[in-house]
Amino acid sequence: MFKSVFFAICLLVAVTKRSYGAVDIGQYIPVCNRNSPEVNDCLVEAVRKGLVAMKDGIKELGLPPIDPYHQKELKMEYNNNQISAKIVVSDIYVGGVTDSTVKDVRLRADDDSFHMEIDMFTKQIYSIGRYSGGGSYSDLRINATGEFNTTMSDLTYTWKLDGTPEKIDGDTYVRITDFYMRPDVGNMVTRLTNENPDSRELTELAIRVTNENWRFLYRELLPMAQSNWNRIGTRIANKIFLKAPYDKLFPVKS
């Protein structure tokens, strides 16, 4: 569920600067000159408007709605000492990202390197869907299927994108090589239903323990989630950055 929540956030990174062939980028967000003293302030407004523009998707750019964002399936596996679990989450909807506040943006865009950081705050993100899986603690085993609802509140995080300009068919584009994010979460609450009558009491116990110890579980799952965010965020960002020349995304004007 962590990864499904932040998959939507990773997707938002790409919209902060985009163009697509003959599409007029200015109709969606401000275009910011990379050598302007006010470039960071301009980018704050560009990200903010990008979030609004992406809410219901942009057909012209081939980008889907992001609030709520729909993901078909997510598989998770966790093993630590006596605890193990395998879960398949499906038909996931994640909402709340377009209500985020853009706190600050920092850009370093040179001829041979690209780095951008975006500081964000999100009051609340929810994730709903279905799950099926099982787990064990020592000799205690549980199998369950049902619906889930996870709410995360007061999220503070920074998107960090690194890339390298490269020539493609005579034009220079930016290829994103790395995406990093480590969110701090104020609180998290998870609710589950269980359609398996033989394990409902155990499910209720597991959820109670999860909600009481969510910070520990969040830290345990964070490295796995970050690896996934890097892979997904990099792939999605490149779908945008590799379609628009560098001087169209970040023009240089005197």
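Thresholds applied
- Residues numbered from 1 in each chain as written.
- Predicted model: local features only at pLDDT ≥ 70, side-chain atom pairs only at ≥ 80, totals over all residues.
- Heavy atoms only, no water.
- Helix = DSSP H or I, 4+ residues; strand = E, 2+ residues; numbered from the N terminus.
- Contact = heavy atoms within 4.5 Å.
- Areas by Shrake-Rupley, 256 points an atom, 1.4 Å probe, with all protein chains shown as cover.
- pLDDT = per-residue confidence, 0-100.
- 1 Å grid on protein atoms, 1.4 Å probe; cavity = no way out; pocket = protein on both sides within 12 Å on 5 of 7 lines; lining within 4 Å.
- Points joined across faces, edges and corners; volume = space filled by probe spheres on them.
- Nonpolar A, V, L, I, M, F, W, Y, C, P; charged D, E, K, R; others polar.
- Pairing = 2+ DSSP bridges.
- Phe/Tyr/Trp six-rings, centres within 6.5 Å; stacked < 30°, edge-to-face > 60°.
- Buried < 20%, exposed > 50% of the residue type's maximum accessible area, 1.4 Å probe, protein only.
- Lys NZ or Arg CZ within 6 Å of the ring centre and 35° of its normal.
- Patch = residues over 30% accessible without salt bridge, like charges linked within 9 Å, V, L, I, M, F, W, Y side chains within 5 Å.
- Salt bridge = Lys/Arg side-chain N within 4 Å of Asp/Glu carboxyl O.
- Lys, Arg positive; Asp, Glu negative; His and termini not counted.
- Charge placed at Lys NZ, Arg CZ, Asp CG, Glu CD.
- Polar contact = N/O pair within 3.5 Å; in protein donor to acceptor, adjacent residues only side chain to side chain.

Draft legend 1. Inspection of the overall build of the protein chain at higher detail. When helices and strands are counted, the protein chain shows five helices and seven strands. Starting at the N terminus, the α and β elements of the protein chain follow one another as α-α-β-β-β-β-β-β-β-α-α-α. In the protein chain, once contacts between residues fewer than 6 apart in sequence are set aside, the share between residues at least 24 apart is 70%. About 12,900 Å² of surface is accessible on the protein chain, with carbon and sulfur atoms providing 48% of the total.

Draft legend 2. View of the confidence of the model for the protein chain. In this model, the protein chain carries a mean pLDDT of 82, and residues with pLDDT of at least 70 account for 88%. Mean pLDDT across the secondary structure elements of the protein chain bottoms out at helix α1 (residues 2–15), with 38, and peaks at strand β7 (residues 184–192), with 95. Counted against residues more than four places away or in other chains, residues 1–22, with its pLDDT under 50, gives 98 contacts.

Draft legend 3. Main features of the layout of surface pockets. One number sums up the size of the largest pocket: a volume of about 1,200 Å³. As for the largest pocket, its lining consists of 39 residues, and the residues nearest its centre are Ala85, Ile87, Ala206, Thr210 and Leu217. Among the elements of the structure, α1, β1 (69–80), β2 (83–95), β4 (114–137), β5 (140–168), β7, α3 (200–212) and α4 (214–241) are those that each provide at least two residues to the lining of the largest pocket. Of the residues contributing to the lining of the largest pocket, the split by class is 26 nonpolar, eleven polar and two charged.

Draft legend 4. Examining the pairing of strand β6 (residues 171–180) more closely. Relative to β6, β5 runs antiparallel, the two sharing nine bridges. Along β6, the bridge assignment pairs Thr164 with Arg175. Counted along the chain from β5 to the antiparallel partner β6, the turn is two residues long, and its residue Asp169 has a positive phi close to 55°.

Draft legend 5. Quick peek at the pairing of β4. One ladder, built from eleven bridges, connects β2 with β4; its direction is antiparallel. Bridge pairing links Tyr93 to Ile128 in β4. One ladder, built from eight bridges, connects strand β3 (residues 101–109) with β4; its direction is antiparallel. Bridge pairing links Ala109 to Phe114 in β4.

Draft legend 6. Inspection of the packing of aromatic side chains at higher detail. Across all of its chains, the model carries five aromatic pairs by this definition. On the numbers, 5.3 Å between centres and 50° between planes, the contact of Phe114 with Phe250 is tilted. Placement of the pair is Phe114 in strand β4 and Phe250 in the segment after α5 (246–249), with a sequence separation of 136 residues. Each member of the pair, Phe114 as well as Phe250, carries the same accessibility label: buried. Within the aromatic cluster, the residues linked to one another by ring pairs are Phe114, Tyr246 and Phe250. Against the face of Tyr246 rests Arg34, its NZ or CZ located 4.1 Å from the ring centre.

Draft legend 7. A look at a positive patch on the surface. Where like charges cluster on the molecular surface, the positive patch consists of Arg231, Arg235, Lys239 and Lys243. Exposure remark for Lys243: the relative accessible area of 37% places this residue in the partly exposed category.

Draft legend 8. The environment of Leu74, seen in detail. For Leu74, the position within the fold is in strand β1. Separated by 57 residues in the primary sequence, Leu74 and Tyr131 have C-alpha atoms spaced 9.3 Å apart.

Draft legend 9. Expanded view of the environment of Ser199. When you line up the elements, Ser199 lands in the loop between β7 and α3. Along the backbone, Ser199 and Ala144 are 55 residues apart, and their C-alpha atoms lie at a distance of 6.7 Å. When residues no more than four places from it in sequence are discounted, the contact partners of Ser199 are Ile142, Asn143, Ala144 and Asn194. Of note is the side chain of Ser199, whose polar atom sits 2.6 Å from the backbone oxygen of Asn143.

Draft legend 10. Representation of the pattern of salt bridges in the model. For the structure on display, the rule yields eleven salt bridges. As a salt-bridge pair, Glu45 and Arg48 come within 2.5 Å of each other at their nearest N and O atoms. Here Glu45 and its partner Arg48 are both found in helix α2 (residues 39–54), three residues apart, which amounts to about one turn of the helix. A relative accessible area of 40% places Arg48 in the partly exposed class.

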